[in-house]
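Survey of secondary and tertiary structure
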Amino acid sequence: MRNHARTLTISGSLAAAVALAGLAATPAVAATTLGSGHVDVLDAEWDGADLHLHVHDEENATEYEPADVTLSVPAAARVANPGYGFLGSGSQVWLLPDTEAEADAAGVLFPGISTEHLTTGVFAGNTVTYRLVSATRNGAATEDFSVYEGAGTRWYDSNTATTSYKSKTFGVGTHNHANWAFEEAGTYQLTFRVQGTVGGVTKSATATYTVVVSS
């Protein structure tokens, strides 16, 4: 297990009071913003009893709890709408591309979906499933998020008008990339669940990811 980033922040009179009283302060978790580089947004791990979800910053070999990270999608991520129907009728979308060269050229995140830390022989069929449980933008359910590969082959779509494109199964020990598309600016809350079967028992972990898309 890689180290998690944590920062203790105590200031002013509170710091003095803690020092004088000799009290043990509880560390405060610092918010971390990731806006470029190779980041496995969905990164599953198995500790022998339970599944866990983390955000793995490949650039700095650092792992975070999803709740501790904000994923930033800058205005520079805007590209011409490639015209796939599920991306809506707007002329542009915010795109985190499926190749590292494109992401680096645009200065945006190269988002991954990883099962590389899950070994064979643990999960039934040597697979786990990532499910998009819910998606909101600025606090309301949204149709504006999707993940797709190639010429518009959808992996995930937040459109509530369809029950399709909500889950995808991946083999263990793999590393996967696709295009992450946002049709509008705003603050997204994306809730994902990873699930697999171990010894006939369903195991899962659920986490919510914050993505801020800038206009």
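The structure under discussion appears in the preceding block.
Residues numbered from 1 in each chain as written. Predicted model: local features only at pLDDT ≥ 70, side-chain atom pairs only at ≥ 80, totals over all residues. Heavy atoms only, no water.

Looking only at helices and strands, one finds two helices and 17 strands in the chain. Split into buried and exposed, the 215 residues of the chain put 40% on the buried side. Across the chain, the fraction of contacts at a sequence separation of at least 24, relative to all contacts at a separation of at least 6, is 64%. Accessible area of the chain: about 10100 Å², with a carbon and sulfur share of 48%. (Helix = DSSP H or I, 4+ residues; strand = E, 2+ residues; numbered from the N terminus. Buried < 20%, exposed > 50% of the residue type's maximum accessible area, 1.4 Å probe, protein only. Contact = heavy atoms within 4.5 Å. Areas by Shrake-Rupley, 256 points an atom, 1.4 Å probe, with all protein chains shown as cover.)

Inspection of the secondary structure puts S91 in the loop between β6 (78–80) and β7 (92–96). Judged by its relative accessible area of 62%, S91 falls in the exposed class. In this structure, the C-alpha to C-alpha distance between S91 and A80, residues eleven residues apart in sequence, is 6.0 Å. Discounting residues that sit within four places of it in the chain, S91 has contacts with V79, A80 and N81.

Once that is clear, we can look at the pairing of strand β2 (residues 37–46). Both faces of the sheet carry side chains from a regular strand, because those side chains alternate between them. Most of β2 is tucked away: nine of the ten residues are buried. Sheet analysis places β2 next to strand β8 (residues 109–114), joined by six bridges and oriented parallel. Paired with D40 across the two strands is G112, which belongs to β8. Pairing of β2 with strand β3 (residues 51–57), which is carried by six bridges, proceeds in the antiparallel orientation. Of the residues in β3, the one forming a bridge with V39 is D57. Remark: four residues form the turn of the hairpin made by β2 and β3, two consecutive strands paired antiparallel; G48 in that turn has positive phi of roughly 100 degrees. (Pairing = 2+ DSSP bridges.)

Another point: the sheet that holds β2. If you walk across this open sheet you meet the five strands as β4-β3-β2-β8-β14, and the pairing is mixed. Two strands bound the open sheet, and with one partner strand each, they are β4 (62–64) and β14 (175–177). Looking at each pair of strands side by side, their axes are set apart by 30 degrees on average, direction ignored. (Axes fitted to C-alpha atoms, helices over the stretch in contact; angles between N-to-C directions.)

The tally for this structure, following the rule as stated, stands at two salt bridges. Of the charged contacts in the structure, one is a salt bridge between R137 and D144, with a shortest N-O distance of 3.2 Å. For R137, a relative accessible area of 24% gives the class partly exposed. Between D157 and R154 there is a salt bridge whose closest N-O contact spans 2.7 Å. (Salt bridge = Lys/Arg side-chain N within 4 Å of Asp/Glu carboxyl O.)

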